[in-house]
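# Observations on the three-dimensional arrangement
One letter stands for each residue in the lines below.
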Amino acid sequence: LKVEEITLIRADYGVIFGYDKANKRHVLNQSSLIEVQEILNPKQFFKINRSEIVNRNFIERISRYTKNTMAIHLKFIELKTSQKTTAAFNSWMGL
């Protein structure tokens, strides 16, 4: 799995998965999202909540979900920012 093809990285019960453009799931070697975050370009990838990192290049649409959270629409899935990360995400996206 090439970094530029990763749309989403998700931690699920201690296993880290990377999803590609076809929404195929790949097991990654890292044991935590923090480990993954350290090797990714912060201009391209953002940790939107405790268990998910998104690739800016694959965000199709962003909308308000609640007063303090955003819905991020990728091709195959809708994700939500945590209240804690919403302001930083908006700044990262230039909103």
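Now for a quick tour of the structure. (Residues numbered from 1 in each chain as written. Predicted model: local features only at pLDDT ≥ 70, side-chain atom pairs only at ≥ 80, totals over all residues. Heavy atoms only, no water.)

### Description of the sheet that holds strand β2 (residues 15-19)
- Read from one edge of the open sheet, five strands run β3-β2-β1-β5-β4, paired in antiparallel fashion. Bordering the open sheet on either side are β3 (25-27) and β4 (45-49), each of which pairs with just one other strand. For this sheet, the mean inter-axis angle between neighbouring strands, taken without regard to orientation, is 25°.
- Contacts between helix α2 (residues 86-93) and the sheet are confined to β4 and β5 (52-55), with β4 contributing the most and set at about 155° to the helix. (Pairing = 2+ DSSP bridges. Helix = DSSP H or I, 4+ residues; strand = E, 2+ residues; numbered from the N terminus. Axes fitted to C-alpha atoms, helices over the stretch in contact; angles between N-to-C directions. Contact = heavy atoms within 4.5 Å.)

### So, the pattern of salt bridges
- Taken as a whole, this structure holds two salt bridges when the rule is applied.
- Put simply, Arg-10 and Glu-52 hold a salt bridge, and the shortest N to O gap is 2.5 Å. Within this pair, whereas Arg-10 is found in strand β1 (residues 8-12), its partner Glu-52 is found in strand β5, the two being separated by 42 residues in sequence. Side by side, Arg-10 and Glu-52 carry an identical accessibility label, which is buried.
- We note a salt bridge from Glu-78 to Lys-80, for which the minimum N-O separation is 3.4 Å.
- Glu-78 gets classed as partly exposed once you look at its relative accessible area, which sits at 36%. (Salt bridge = Lys/Arg side-chain N within 4 Å of Asp/Glu carboxyl O. Buried < 20%, exposed > 50% of the residue type's maximum accessible area, 1.4 Å probe, protein only.)

### Description of the packing of aromatic side chains
- According to the stated counting rule, one finds three aromatic pairs in the structure shown.
- Ring centres 5.6 Å apart and planes at 65° place the aromatic pair Phe-46 and Phe-89 in the edge-to-face group. Remark: Phe-89 occurs in helix α2 and Phe-46 occurs in strand β4; sequence separation between them is 43 residues.
- Classification of Phe-46 by relative accessible area gives buried; the value is 14%. (Phe/Tyr/Trp six-rings, centres within 6.5 Å; stacked < 30°, edge-to-face > 60°.)

### Structural notes on the sheet that holds strand β6 (residues 61-66)
- As summarised here, the arrangement of the three strands in space is β6-β7-β8, forming an open sheet in which the pairing is antiparallel. Each edge of the sheet is formed by a strand with only one pairing partner; in this case those strands are β6 and β8 (78-80). Across the sheet, the mean angle separating the axes of adjacent strands is 30° when strand polarity is ignored.
- Set on the sheet, α2 makes contact with β6 and β7 (69-73); between it and β7 the angle comes to about 50°.

### Observations regarding unusual backbone geometry
- Its identity as a non-glycine residue notwithstanding, Tyr-13 has a phi of 55°, on the positive side.
- For Tyr-13, the location among the structural elements is in the loop between β1 and β2.
- Among the residues examined, Tyr-13 registers a relative accessible area of 82% and is labelled exposed.
- Positive phi values are uncommon outside glycine, yet Asn-23 reaches one of about 65°.

Function cannot be read off these values alone, since they describe shape.
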